[in-house]
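Topology and contacts: notes
What follows is the residue order along each chain.
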Number of protein chains: 2
Amino acid sequence: MHKNFKNIDKVIYGRGSFNQLDVLLSEKRAEHNRFFLFIVDHYFKGKELEKRLPVKPEDVLLFIDVNPEEPTTDQVDQIRDCILKKKGLPSGIVGIGGGSVMDIAKACSLMFTNEGSSSKYQGLNLIKKPGIYHLGVPTISGTGAECSMTAVLTGPEKKLGLKCDWTVFNQVILDPDLISSVPTDWWFYTGMDTFIHCVESENGKLNNAFSHAYAEQSLKLCRDVFINPGCGQNAANDEKLMIASMMGGLSLTYSEVGVCHALSYGLSKILGTRHCYANCLAFNHLEDYYPEGVREFRQMLVKHKIVLPQHLSRTWTEDQISQMASVAYNLTHMWLHAIGPDWKDKISHESIKNLFKRL
Amino acid sequence: MHKNFKNIDKVIYGRGSFNQLDVLLSEKRAEHNRFFLFIVDHYFKGKELEKRLPVKPEDVLLFIDVNPEEPTTDQVDQIRDCILKKKGLPSGIVGIGGGSVMDIAKACSLMFTNEGSSSKYQGLNLIKKPGIYHLGVPTISGTGAECSMTAVLTGPEKKLGLKCDWTVFNQVILDPDLISSVPTDWWFYTGMDTFIHCVESENGKLNNAFSHAYAEQSLKLCRDVFINPGCGQNAANDEKLMIASMMGGLSLTYSEVGVCHALSYGLSKILGTRHCYANCLAFNHLEDYYPEGVREFRQMLVKHKIVLPQHLSRTWTEDQISQMASVAYNLTHMWLHAIGPDWKDKISHESIKNLFKRL
């Protein structure tokens with residue numbers, strides 16, 4: 001059986017396209033209780049972008065601080081419960097921010113129409129009913145959350161996405177202007193999420209002509225943005241990074257992430273480390289699995305004067321390391337892709353612990 | 001205003017994925033009058049693929065001979081009228097074939113729910129109501145019709161697409177096995193449609209980071225299929241060509257075709273020449289506009305021993321050439337992209353006639 005993947009319904013790309021948001025929403029304002037829920041990264045509070053939000057008096061504007069931890073099932077449940085109680089069912093949701101805000105907006109869209117805690121729905125096709133209209137505006141590029149079928153949440157038991165056709169955004173606005181002010185370190189970490197998942201996509205069993213074409217082009221764009229002559233944060237590279245992120249995400253529709261994401265999920269679940277940063281921490285020590293990718297990654301670190309902390313594992317207890325290894329070990333689909341059907345002959349709880357101890 | 005483009009709702013890619021067609025249709029069979037309309041390229045009548053069609057007793061199977069001319073508004077109207085009269089509204093339409101069959105299936109989907117002749121709706125957003133469910137299975141790759149927002153038809157007055165969000169397929173199955181038996185000449189002509197529209201997309205005013213990323217990767221794949229070492233019709237290249245076609249089509253969502261397609265439309269409208277072949281006839285003489293692309297194109301011709309007829313224009317009347325030039329001249333959006341806002345200073349009815357006389 002080949003995957004049948006759901007695309008974003010509609011996409012606008014281009015510098016200044018954020019200005020079209022108001023018109024897009026006006027077409028949907030007649031639905032349900034006639035208000036929109038805006039979920040916006042706290043970073044933009046008081047900034048220029050706040051003034052440009054087409055928020056009407058009846059709308060709800062929530063600024064969300066996505067630091068220091070990854071989005072949780074509790075967080076999504078609370079937003080849903082609070083809005084339903086105060087105002088009822090929104091006409092739709094607008095998510096403006098990075099991968100975490102994208103995931104929260106996607107998850108809320110589903111949870112407004114599916115009862116109980118979102119932790120019940122962590123997995124593939126567990127959602128029962130279509131969500132409400134949801135529109136995503138990425139302001140940091142790299143995670144691919146703008147085009148993925150998954151809203152990744154950390155729940156009481158696991159870090160795992162709500163994955164189904166209805167998770168995918170109805171509309172995405174890709175405006176490269178919006179990512180121009182991302183602080184350099186987060187520009188780097190999130191961009192590296194794309195770079196890393198493309199390396200993982202390419203170096204695994206599921207890679208096919210579809211995922212390869214997208215990953216290859218995304219990697220080419222990443223190299224332009226992060227290492228080739230002319231690299232760095234500038235207008236032309238903002239345009240490229242936004243496309244690299246989308247194409248990296250689309251590569252994963254037919255392939256999978258691998259060893260790095262397995263470790264990264266362990267870090268995020270046990271220590272709450274942000275996803276893109278956790279990827280960078282782990283990838284830096286995975287030369288055994290991705291020699292060429294790690295070599296390029298280290299060149300990029302040097303180029304942009306990014307210094308990753310070393311010897312982190314010395315501050316972790318043996319029990320924490322063991323818990324992280326358990327989280328990573330249980331991500332079977334990643335190991336199957338990265339190593340193959342005989343992965344259990346090559347990877348053990350102990351060997352994963354040793355990988356964590358490199359960090 | 002930036003374009004807001006509609007994606008194909010769902011895509012399955014992979015060798016053998018055609019076998020999933022039956023399951024996909026079963027989910028839709030409860031709609032309307034509970035039958036599917038299959039529109040299949042006549043080429044497959046009596047072939048292996050015919051036996052694999054999941055046609056139920058209540059369904060209608062139409063084999064369509066797409067030679068020698070391009071799909072017409074009359075043809076679409078007749079199919080619609082005949083099916084509505086005999087069986088009522090189908091649950092959906094399955095189109096299996098090349099670009100012409102894709103366009104007929106897309107147009108029929110719309111015309112089952114929009115009254116009058118399809119010629120009334122040639123243009124942008126003239127369609128009033130959503131069409132019925134339609135699923136496309138390309139068996140020749142290159143036109144990009146599988147992912148475009150347009151169903152191109154030749155009408156009494158013009159060759160122009162029915163273009164709107166609802167034109168786009170609800171589902172596409174991309175099975176590289178299905179293109180393995182395409183005769184070499186048509187494999188070449190249709191593949192060149194992708195190559196040519198990517199060259200046109202890249203060499204024009206509308207090209208942006210989005211269209212460039214797609215066109216660049218599509219061109220790379222085309223070179224693997226048609227000129228690089230290992231080129232030719234084989235399993236690996238069938239996989240690549242199918243992706244090249246899709247990516248070439250997606251490149252055009254933010255860019256435009258150019259001089260070659262303008263001439264090609266003239267040929268098709270006045271002489272009925274098939275689209276991809278007409279593109280090849282015209283492109284071969286457009287070295288003034290696309291020097292690098294035409295050079296590569298000619299290398300590909302030689303590589304695959306494709307001989308295009310010369311001195312065709314000697315068999316055309318002055319009046320025919322004038323009519324073709326009028327068709328081409330009126331495709332304003334193509335000239336605006338290819339030449340720029342001052343195109344009328346550089347291109348005239350007479351200069352276009354001279355281009356046709358090169359053929």
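Scroll up a little and you will see the structure.
A short tour of the structure in this document, coming up. What you see is a predicted model; the values in this text were computed from it and never measured. (Residues numbered from 1 in each chain as written. Chains lettered and ligands numbered in written order. Predicted model: local features only at pLDDT ≥ 70, side-chain atom pairs only at ≥ 80, totals over all residues. Heavy atoms only, no water.)

Some points on the packing of aromatic side chains
Counted by the stated rule, this structure contains 41 aromatic pairs over all chains. An angle of 85° between the planes, with centres 5.1 Å apart, marks the rings of Y43 of chain A and F44 of chain A as edge-to-face. According to the relative accessible area criterion, Y43 of chain A is partly exposed, its value standing at 31%. Three or more aromatic residues link up through ring pairs in this structure, and these residues are F5, Y13, F210, Y214 and Y254 of chain A together with F5, Y13, F210, Y214 and Y254 of chain B. Taking NZ or CZ as reference, K47 of chain A lies 4.0 Å from the ring centre of Y43 of chain A, over its face. Its guanidinium or amino end placed over the ring of F35 of chain A, K87 of chain A lies 4.9 Å from that ring's centre, counting from NZ or CZ. (Phe/Tyr/Trp six-rings, centres within 6.5 Å; stacked < 30°, edge-to-face > 60°. Buried < 20%, exposed > 50% of the residue type's maximum accessible area, 1.4 Å probe, protein only. Lys NZ or Arg CZ within 6 Å of the ring centre and 35° of its normal.)

Regarding the sheet that holds strand β4 (residues 60–64) of chain A
Read across the sheet, seven strands follow the order β4(A)-β3(A)-β5(A)-β7(A)-β10(A)-β2(A)-β1(B) without closing on themselves; strand pairing throughout is mixed. Among the strands making up the open sheet, the edge pair consists of β4 of chain A together with β1 (4–6) of chain B. Averaged over all neighbouring strand pairs, the angle between strand axes comes to 15°, with direction disregarded. Alignment of strand β5 (residues 92–97) of chain A against strand β7 (residues 133–138) of chain A, held across six bridges, turns out to be parallel. What sits directly across from I93 of chain A, in β7 of chain A, is H134 of chain A. Packed onto the sheet, helix α3 (residues 73–87) of chain A meets β3 (36–41) and β4 of chain A and runs at close to 160° relative to β4 of chain A. (Pairing = 2+ DSSP bridges. Helix = DSSP H or I, 4+ residues; strand = E, 2+ residues; numbered from the N terminus. Axes fitted to C-alpha atoms, helices over the stretch in contact; angles between N-to-C directions. Contact = heavy atoms within 4.5 Å.)

Quick look at helix α6 (residues 209–226) of chain B
Each α-helix turn comprises 3.6 residues. Residues three or four places apart therefore point the same way. All names here are of chain B. The end-to-end C-alpha separation of α6 is 25 Å, in line with the 26 Å expected for 18 residues at 1.5 Å each. In terms of burial, α6 is a largely internal element, 14 of the 18 residues being buried. The N-terminus of α6 is capped by N208, whose side-chain oxygen sits 3.0 Å from the backbone nitrogen of F210. (Expected span 1.5 Å × (residues − 1). Polar contact = N/O pair within 3.5 Å; in protein donor to acceptor, adjacent residues only side chain to side chain.)

Observations concerning helix α14 (residues 349–358) of chain B
All names here are of chain B. Residues of α14 that are buried: I352, K353, L355 and F356. For α14, the buried positions fall inside an angular range of 155° around the axis, keeping them on one side. Along its buried surface, α14 packs onto α8 (259–271), α11 (318–329) and α12 (332–338). (Arc of directions from axis to C-beta.)

As for the relation of the copies chain B and chain A
Placing chain B over chain A gives an RMSD of 0.0 Å and needs a rotation angle of 180°, together with 0.0 Å of translation along the axis. Such a combination of rotation and displacement between the chain copies is what one expects of a two-fold axis. When you check the interface residues of chain B against chain A, 100% turn up at the interface there too, and the contact is symmetric in its surfaces. (Least-squares fit on C-alpha atoms with pLDDT ≥ 70 in both.)

Observations regarding the state of the cysteines
What is meant by a disulfide is a covalent connection between two cysteines, made through their sulfur atoms. All names here are of chain B. The full count for this structure, using the stated rule, is zero disulfides over all chains. C82 supplies the cysteine sulfur nearest to C108, a cysteine that is in no disulfide, at a spacing of 11 Å. Using a relative accessible area of 0% as the deciding quantity, one classes C108 as buried. Sulfur of C280: no disulfide; nearest cysteine sulfur belongs to C276 and is 7.4 Å away. (Disulfide = S-S within 2.5 Å.)

A word on the pairing of β5 of chain A
Residues and elements named next belong to chain A. With six of its six residues buried, β5 lies for the most part within the structure. Where burial is concerned, the two faces of β5 agree: the one with G92, V94 and I96 and the one with I93, G95 and G97 are both buried. By the bridge criterion, five bridges tie β3 to β5 in an arrangement that is parallel. The residue of β5 that forms the bridge with L37 is I93.

Focus on the pairing of strand β8 (residues 150–154) of chain B
Among the five residues that make up β8 of chain B, five are buried, leaving the element largely enclosed by the rest of the structure. Burial along β8 of chain B is two-sided: T150, V152 and T154 of chain B facing one way and A151 and L153 of chain B facing the other are all buried.

Notes on the environment of E287 of chain B
Residues and elements named next belong to chain B. In this structure, E287 sits in the loop between α9 (275–283) and α10 (291–303). Considered as a pair, E287 and Y121 are 166 residues apart in the sequence and their alpha carbons are 35 Å apart. Contact partners of E287, with chain neighbours within four places excluded, come to V294 and R298. Within the local environment of E287, its side chain forms a polar contact with the side chain of R298, the two groups lying 3.1 Å apart.

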